[in-house]
Amino acid sequence: MLKVTNVHKSFGKNEILKGVDLTVEKGDVVVILGPSGSGKTTLLRTIDFLETADSGELAFDDIKTPLAHANKKTILNVRRKTGFVYQNYNLFANKTALENVMEGLVTARKIPRDTARETAERALEKVGLLDRMNYYPSELSGGQQQRVGIARAVAPNPDVVLFDEPTSALDPELVGEVLNVIKELAKEGTTMIVVTHEMSFAEEAASQVVFMDGGIVVEKGSPSQIFNRPKEERTKKFLQRILKTPEYVI
């Protein structure tokens, strides 16, 4: 369904991605783990052309393009097939929850306002916020704002939803409500790529776990394989540090 191959990206002299490959099949929940600075977010942003890769290839259903030289039409077609959930919500402060979800439907996808409103209301209901549709972001908690962000991403029924550390800006007590929404989407068969530090979510919801470090994919496999039988020393050390588990037998 979606495949990126040999993705490279540098910022100045700092090489962030060093030849990354990633394959996502329909219905997959791919969770990308790794320490800060490993290239996880940059990879996600290159897939949606929020950052332009220096090299690499993208194949997304019938779309095939070099990441570094995609034309505007191709970028638009990719973005129409994706939804993106940001770390810091990226909501319009002067628009209600409903208007935030409607905005992309009306402006980018040219959907009539009445239809867009119905679609937005269904998306807000899906994330448990229909009763808050007329609230502004300042009137919502961080968890509620992120749930509006998820509603905005899923409203157009994209082929894949990209989550960039969706709980990293939240207070600990608000993390659960956002993860529960994402888990429900996973149960419904939504195809997702999730960059996160939430290990319990990765173990419970992922169909594939990808561990990145130093701009490369170090290891990938099922949650059971990665968490219980990691093969690579770098993966083992990362999990020992994050999960505070005894050392794996090497």
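Up top you'll find the structure we're talking about.
For every chain, the first residue of the written sequence is number 1, and numbering continues from 1 along that sequence. Residue-level local features of this predicted model are given only where pLDDT is at least 70; pairs of side-chain atoms are given and counted only at 80 or more, and the full residue set underlies all totals for whole chains, interfaces and linings. Think of the side-chain values as coming from all heavy atoms in the structure, minus any hydrogens and water.

(A) Here's a closer look at the packing of helix α5 (residues 142–154) against helix α6 (residues 172–187). Only the stretch in contact is used when fitting a helix axis, every axis being a line fitted to C-alpha atoms; angles between N-to-C directions are given from 0 to 180 degrees. Comment: elements are numbered from the N terminus, with helices defined as DSSP H or I runs of at least four residues and strands as E runs of at least two. At a minimum axis distance of 8 Å, the contact between α5 and α6 shows a crossing angle of 20°. On the basis of their axis angle, the class for α5 and α6 is roughly parallel. Between α5 and α6 the crossing geometry is right-handed. Counted together, G142, G143, Q144, Q146, R147, I150 and V154 of α5 and L174, E177, V178, V181, I182 and L185 of α6 form the full contact between these two elements. Under the convention adopted here, Pro, Cys and the residues Ala, Val, Leu, Ile, Met, Phe, Trp and Tyr are nonpolar, Asp, Glu, Lys and Arg are charged, and Gly plus all remaining residues are polar. Grouping the amino acids of the contact of α5 with α6 by side-chain chemistry returns seven nonpolar, four polar and two charged. If an angle is under 35 degrees, it is roughly parallel; if it is over 145, roughly antiparallel; if it lies from 65 to 115, roughly perpendicular; otherwise it is oblique. Throughout, a crossing is termed right-handed when the near helix is turned clockwise from the far one, and left-handed when it is turned anticlockwise from it by less than a right angle. Contacts are assigned to residue pairs with any non-hydrogen atoms lying within 4.5 Å of each other.

(B) The sheet that holds strand β8 (residues 192–195), seen in detail. What the six strands build is an open sheet, ordered β6-β7-β8-β3-β9-β10; its pairing is mixed. The sheet terminates laterally at β6 (82–85) and β10 (216–221), the two strands that pair on one side only. Direction aside, neighbouring strands of the sheet carry axes that sit 15° apart on average. Where β6 lies against strand β7 (residues 160–164), four bridges are found, and the strand directions are parallel. The residue of β7 that forms the bridge with T82 is V160. Note: two strands are recorded as paired if DSSP finds a minimum of 2 bridges between them.

(C) The arrangement of the nonpolar core in detail. Buried Ala, Val, Leu, Ile, Met, Phe, Trp, Tyr and Cys residues that are joined via side-chain atoms within 4.5 Å together make up what is termed a nonpolar core. Partly exposed residues are those whose accessible area sits between 20% and 50% of the maximum for their type, while under 20% is buried and over 50% is exposed, using a 1.4 Å probe and protein chains only. L124, I150, F163 and M192 are the most contacted members of the largest nonpolar core, which totals 50 residues. The dominant element in this core, judged by the number of residues it contributes, is α6, at eight residues. Beyond its immediate chain neighbours, meaning those up to four positions away, F163 contacts L44, V85, I150, I182, L185, M192, I193, V194 and V195. Among the nonpolar cores identified, the runner-up in size contains 29 residues, and L2, V7, L44 and M212 belong to it.

(D) Representation of the pairing of strand β5 (residues 63–66). Side-chain alternation along β5 places I63 and T65 on a buried face and K64 and P66 on a face that remains uncovered. Connecting strand β4 (residues 55–60) to the antiparallel partner β5 that follows it, the hairpin turn spans two residues, and D61 within it adopts a positive phi of roughly 55°.

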